Each structure stands twice: as structure tokens, then as C-alpha cells.
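Residue-level structural notes
Below are the chains, spelled out letter by letter.
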Amino acid sequence: MSEVSKQLKPNLYLVGFMGTGKSAVGRSVANRLGYTFLDSDHAIEEAAGCSIKEIFDSEGESAFRKLERQFIEEGHANECCVVSCGGGLIAQPGMLEFLGAKGPVVCLLASAETVFERTKESEKRPLLNVEDPLVRIRELLAEREPIYKKAGTEVLTDGRTVSDVASHVCRIYRSDARSWK
């Protein structure tokens, strides 16, 4: 077996606010690396048999956060995955450290205005089902910014193509994976 094939291929975790491009970039990165792409929100919906909005409406945000934690703790393989994490996942106590122990973490960032433009047509964002979504985006970003800043290498997605961001994330992952233990 060659030295390259013996190397650990830890998962890559993409974190950041909704609408920053985690899913689109994650698919592209997974394709480039030959890894499996997983979206935590989609995996939770499949396991629960209903949408995130329905989980929020019937059981509340705390129930959804428990499902997120369960997915990260035991819902996927430990290697060769690119995982797009829900925007609030790392805001939960201990989750950032837990992710960092499982693999490299990259945080995708975008301005409130970019997030608004990318999410304004979606009805699948329960936290934005308010009178003024842009104000809510700004509030949530301000609340979560400190944890996002601690998450790992930051990549700004404003005004960039998915391909450009994916190339950048692949370079970061390859560098971080070499030194990750």
C-alpha cells in the first residue's frame, strides 16, 4: 500500500451562516476530492421524515438542534466526507470543538446583504420567516459572528463563483488535512 493511500482522509466540515454557499461549495469540493457530500439539514430531514420547517413548527428549535448534534456525533462516516453543516450548528455549546476533533473546519462567510439576496426566495428557512428578514439576518450574524470567527479558516463568498470558492477550500483542506490528527 502506498504512503498516500495510507494517509488519513479526515472529513471536511463547512460551517457558516445560511446562504453563504456551504451546500453548493461542498458539492463541488466533494466532487474534486472524490469524497461523499453530506448536507446535515438534508440528512436530518430524511431521518425525521419531515422538513426542518415542520420540525421547528411542531417541536421547536431545541428539538432540531438535538437532531443536528445527533447527526454530527453518529450520523456519518469518519473519513472521506465533505459535510455542509447547518448555520446554527456550531453555535451550540461544545459543537465547534467536537467538529474540530473530527476533521478540518472551514467557515464560509458572506455579508448580510448577500445572504438576504441568496435566501429571499426560499420558504425553507424558518428563522427568516419574519416581517423583515434582512434585519433578522443582521441580528443572527451579529449573535453568531464570534463563534464563526473561531471556527477555522474563513473564506468570504461575496461576489465569488462556486468554482473559485471550492478551489480555495480544496487548497485549505489539503493543507489542514496534512497536519490534522
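Right, let's walk through the structure included here. Since the model is a prediction, treat every value here as computed from it, not as a measurement.

**Here we look at the packing of helix H2 (residues 22-33) against helix H9 (residues 162-179)**
Where H2 contacts H9, the two axes come as close as 9 Å, and the packing angle between them is 55 degrees. As judged from the angle between their axes, H2 and H9 are oblique. The handedness of the crossing between H2 and H9 is right-handed. Touching Ala24, Val25, Ser28, Val29, Arg32 and Leu33 of H2 are Val162, Ser163, Val165, Ala166, Ser167, Val169, Cys170, Tyr173 and Arg174, all from H9.

**With respect to the pattern of salt bridges**
Scanning the entire structure with this criterion turns up eight salt bridges. Note that Arg138 and Glu113 form a salt bridge whose closest N and O atoms lie 2.6 Å from each other. With a gap of 25 residues between them, Arg138 in helix H8 (residues 133-150) and Glu113 in helix H7 (residues 112-119) connect regions that are remote in the sequence. On the accessibility criterion, Arg138 (41% relative accessible area) is partly exposed. Between Glu154 and Lys149 there is a salt bridge, with the nearest N and O atoms lying 3.6 Å from each other. Accessibility expressed as a relative area gives 31% for Glu154, which makes it partly exposed.

**So, the nonpolar core**
Of all hydrophobic cores here, the largest spans 30 residues; its most connected members are Val15, Phe17, Ile72, Cys85, Ile90 and Leu99. Within the residue set of this core, elements represented by two or more residues are strand S1 (12-16), helix H4 (52-59), helix H5 (61-74), strand S3 (81-84), helix H6 (95-102), strand S4 (105-109), H7 and H8. Residue contributions to this core peak at five residues, all from H8. When neighbours within four sequence positions are excluded, Cys85 is seen to be in contact with Tyr13, Leu14, Val15, Lys22, Ser40, Ile72 and Leu99. Core analysis: the next-biggest nonpolar cluster, separate from the first, contains 18 residues, Leu33, Tyr35, Ala166 and Cys170 among them.

**Overview of the side chain of Glu45**
One can find Glu45 in helix H3 (residues 40-48). Dropping the residues within four chain positions of it, Glu45 is found in contact with Cys50, Ser51 and Ile52.

Each value, and the rule that gives it
Residues numbered from 1 in each chain as written. Predicted model: local features only at pLDDT ≥ 70, side-chain atom pairs only at ≥ 80, totals over all residues. Heavy atoms only, no water. Axes fitted to C-alpha atoms, helices over the stretch in contact; angles between N-to-C directions. Helix = DSSP H or I, 4+ residues; strand = E, 2+ residues; numbered from the N terminus. Parallel < 35°, antiparallel > 145°, perpendicular 65-115°, else oblique. Left-handed = near helix turned anticlockwise from the far one by under 90°. Contact = heavy atoms within 4.5 Å. Salt bridge = Lys/Arg side-chain N within 4 Å of Asp/Glu carboxyl O. Buried < 20%, exposed > 50% of the residue type's maximum accessible area, 1.4 Å probe, protein only. Core = buried A, V, L, I, M, F, W, Y, C linked by side-chain atoms within 4.5 Å.

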